[in-house]
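Analysis of the macromolecular model
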Amino acid sequence: MLEQPQLSVVIPVFNEEASLPVLFARLYPALDALGLRYEVIFINDGSRDRSAALLREQWERRPDTTRVVLFNANYGQHPAIVAGFEHCRGERVVTMDADLQNPPEEIGKLLAAMDAGHDYVGGVRRAREDSWFRRLASKAMNRLRERITRIRMTDQGCMLRAYSREIVAAVAASREVSTFIPALAYTFASNPAEVDVAHAGRAAGKSHYPLYKLIRLNFDLITGFSLVPLQLFSMFGMFVSAAALATYIGVIGYRLYFVDWHDAAAVFWDRDILAFFLVGMLLFGLGLIGEYVGRIYHQVRARPRYMIRAVLERPAEEPVER
Ligand code: UDP
Ligand code: MG
């Protein structure tokens, strides 16, 4: 039997042909230096460039420590990580990006925190190398999540994180369709911790998260872990109704006593403004409800979260020469 690795490194890969050679050249020496039995699991998330071929070459070079899961199409970063969780065997599991924005040399720091007894270690990017827009949006979303969920993490977007085997098993067993792994894993952690990690600009290529995908991801994060948006909306609805009632009483009283300077004050209950406002709120509320209904719809269809074309790995019986 193959000895259980002490560390699995899970890396989702989508169109990263330019970064992969640099990643291989830095990741493996960094892991060798740790002096652990490790494995690296790459999940090719339906790349349309040469990524799959490069991963196969790397598997042929280092079959003892490399495993590759090949999706048949693009299912997204988080489903790819779930597949990595389902296939990895390590006692501890570290996730990171393929673009070297998370320096592989920092993995030791996460493991040191696990040695200290933590079962979940999140990285915090101190000097973040991203556009000001991404940094600003992250800050706002972090703050919102902090308020409306019970998930406490300083830097939700940082993918350099370490998880215990128990947490990884729990995430893999969750049948959630659209989810945000660092947050889901956090809900299973008994003793989470955070450490500062370095951050770099992309090694090559550009981000796969345009604005639309970022918004989708954050919707998953908020609606996946909190019912507060739904409840806030109902409360707001009650507030609007109460305010409308008060306005009616006010207007009736006004017309009874002072008959005419209502030209100026009329603006306040201008029907067009009111209609715009209320229609806006209605659409917003509908959309919000739709978001939850959509999640339920996804969930009840219970489709597989991804399809695997092939897994490149050594058969488990083969002895390891070290
Ligand atoms: N990724 C993926 N599937 C996708 C999009 C991204 O597996 O549909 C991978 C990508 O290859 C990288 C990681 O997820 O390893 C983070 O993506 P990216 O660097 O584009 O995101 P950013 O750093 O801009 O948040
Ligand atoms: Mg990146």
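First, a word on what this report is: a plain description of the structure on this page. (Residues numbered from 1 in each chain as written. Chains lettered and ligands numbered in written order. Predicted model: local features only at pLDDT ≥ 70, side-chain atom pairs only at ≥ 80, totals over all residues. Heavy atoms only, no water.)

**Brief notes about the packing of helix α8 (residues 211-225) against helix α11 (residues 271-301)**
When two helices pack together, their arrangement is given by the angle between the helix axes and the distance between those axes. In contact at an axis separation of 11 Å, α8 and α11 are set at 85° when each is read in the N-to-C sense. Looking at the two axes, α8 sits roughly perpendicular to α11. Contacts between α8 and α11 involve Arg216, Phe219, Asp220, Thr223 and Gly224 from the former and Glu291, Tyr292 and Arg295 from the latter. (Axes fitted to C-alpha atoms, helices over the stretch in contact; angles between N-to-C directions. Helix = DSSP H or I, 4+ residues; strand = E, 2+ residues; numbered from the N terminus. Parallel < 35°, antiparallel > 145°, perpendicular 65-115°, else oblique. Contact = heavy atoms within 4.5 Å.)

**Notes on the coordination of the magnesium ion (ligand 2)**
Protein-derived ligands of the magnesium ion (ligand 2) are Asp99 (OD) and Gln101 (OE1), with the metal-ligand distances lying across 1.9 Å. A relative accessible area of 3% places Asp99 in the buried class. (Donors = N, O, S within 2.8 Å, 3.2 Å for Na, K, Ca; no water. Buried < 20%, exposed > 50% of the residue type's maximum accessible area, 1.4 Å probe, protein only.)

**Quick word on helix α4 (residues 107-115)**
Looking at α4, one finds that the buried residues are Ile107, Leu110, Leu111, Ala113 and Met114. Along α4, the residues classed as buried sweep out an arc of 155° about the axis, all on the same side. Elements that come into contact with the buried residues of α4 comprise β1 (7-13), α1 (20-34), β4 (92-95), β5 (120-125), β6 (161-164) and β7 (192-197). (Arc of directions from axis to C-beta.)

**Details of empty space enclosed by the protein**
Per the counting criterion, the structure on display carries 1 cavity of 30 Å³ or more. Considered as a void within the structure, the largest cavity measures approximately 30 Å³ in volume. The wall of the largest cavity is formed by His78, Pro79, Val82, Glu176, Val177, Ser178, Thr179 and Arg305. Among the residues making up the lining of the largest cavity, the classes are represented as 3 nonpolar, 3 polar and 2 charged. (1 Å grid on protein atoms, 1.4 Å probe; cavity = no way out; pocket = protein on both sides within 12 Å on 5 of 7 lines; lining within 4 Å. Points joined across faces, edges and corners; volume = space filled by probe spheres on them. Nonpolar A, V, L, I, M, F, W, Y, C, P; charged D, E, K, R; others polar.)

**Overview of helix α6 (residues 165-173)**
For α6, the set of buried residues is Ile167, Val168, Val171 and Ala172. Summarising the axial view, the buried residues of α6 lie within an arc of 135°, below the 170-degree limit, and thus occupy one face. Those residues of α6 that are exposed and aimed more than 90 degrees away from the buried face are Glu166 and Ala173. In this structure, the buried side of α6 is in contact with α3 (77-87), β4, β5, β6 and α7 (181-188).

**Things to note about a positive patch on the surface**
A grouping of Arg135, Lys139, Arg143 and Arg147 is seen on the molecular surface, where their side chains present a positively charged patch. If you trace the backbone, Arg135 turns up in helix α5 (residues 132-148). A relative accessible area of 37% places Arg135 in the partly exposed class. (Patch = residues over 30% accessible without salt bridge, like charges linked within 9 Å, V, L, I, M, F, W, Y side chains within 5 Å. Areas by Shrake-Rupley, 256 points an atom, 1.4 Å probe, with all protein chains shown as cover. Salt bridge = Lys/Arg side-chain N within 4 Å of Asp/Glu carboxyl O. Lys, Arg positive; Asp, Glu negative; His and termini not counted. Charge placed at Lys NZ, Arg CZ, Asp CG, Glu CD.)

**Observations regarding the site of ligand 1**
Taken together, 18 residues are adjacent to ligand 1, and Glu16, Asp45, Asp99, Ser207 and His208 come closest. Between an oxygen atom of ligand 1 and a side-chain N or O atom of Asn74, the distance comes to 3.2 Å. The side chain of Asp99 places a nitrogen or oxygen atom 2.6 Å from an oxygen atom of ligand 1. Relative to its unbound accessible area of 530 Å², ligand 1 is 95% covered by the protein chains. Split by residue class, the shell around ligand 1 holds 5 nonpolar, 6 polar and 7 charged. (Near = heavy atom within 4 Å. Polar contact = N/O pair within 3.5 Å; in protein donor to acceptor, adjacent residues only side chain to side chain.)

**Re the sheet that holds β5**
Overall, mixed pairing links the 8 strands, which are arranged β7-β5-β6-β4-β1-β2-β3-β8 in an open sheet. Each edge of the sheet is formed by a strand with only one pairing partner; in this case those strands are β7 and β8 (308-312). In this sheet, adjacent strand axes meet at a mean angle of 20° when their direction is disregarded. Contacting β1, β2 (38-44) and β3 (66-71), α1 crosses the sheet at an angle of about 155° to β2. (Pairing = 2+ DSSP bridges.)

**Description of the environment of Tyr75**
On the secondary structure map, Tyr75 appears in the loop between β3 and α3. We classify Tyr75 as partly exposed; its relative accessible area is 29%. For the pair Tyr75 and Glu105, spaced 30 residues apart in sequence, the C-alpha to C-alpha distance is 28 Å. In this structure, Tyr75 is in contact with Asp45, Arg305, Tyr306 and Met307, ignoring residues within four places of it in sequence. A distance of 2.7 Å separates the side chain of Tyr75 from the side chain of Asn72, its partner in a polar contact.

**Details of the packing of aromatic side chains**
Under the criterion given, the structure shown has 10 aromatic pairs. Note on Trp132 and Phe133: the rings are 6.3 Å apart at their centroids and 85° apart in plane angle, and the pair reads as edge-to-face. Exposure remark for Trp132: the relative accessible area of 61% places this residue in the exposed category. Classification of Phe133 as partly exposed rests on a relative accessible area of 37%. An aromatic cluster is built from Phe24, Tyr28, Tyr38 and Phe42, whose rings are joined through pairwise contacts. (Phe/Tyr/Trp six-rings, centres within 6.5 Å; stacked < 30°, edge-to-face > 60°.)

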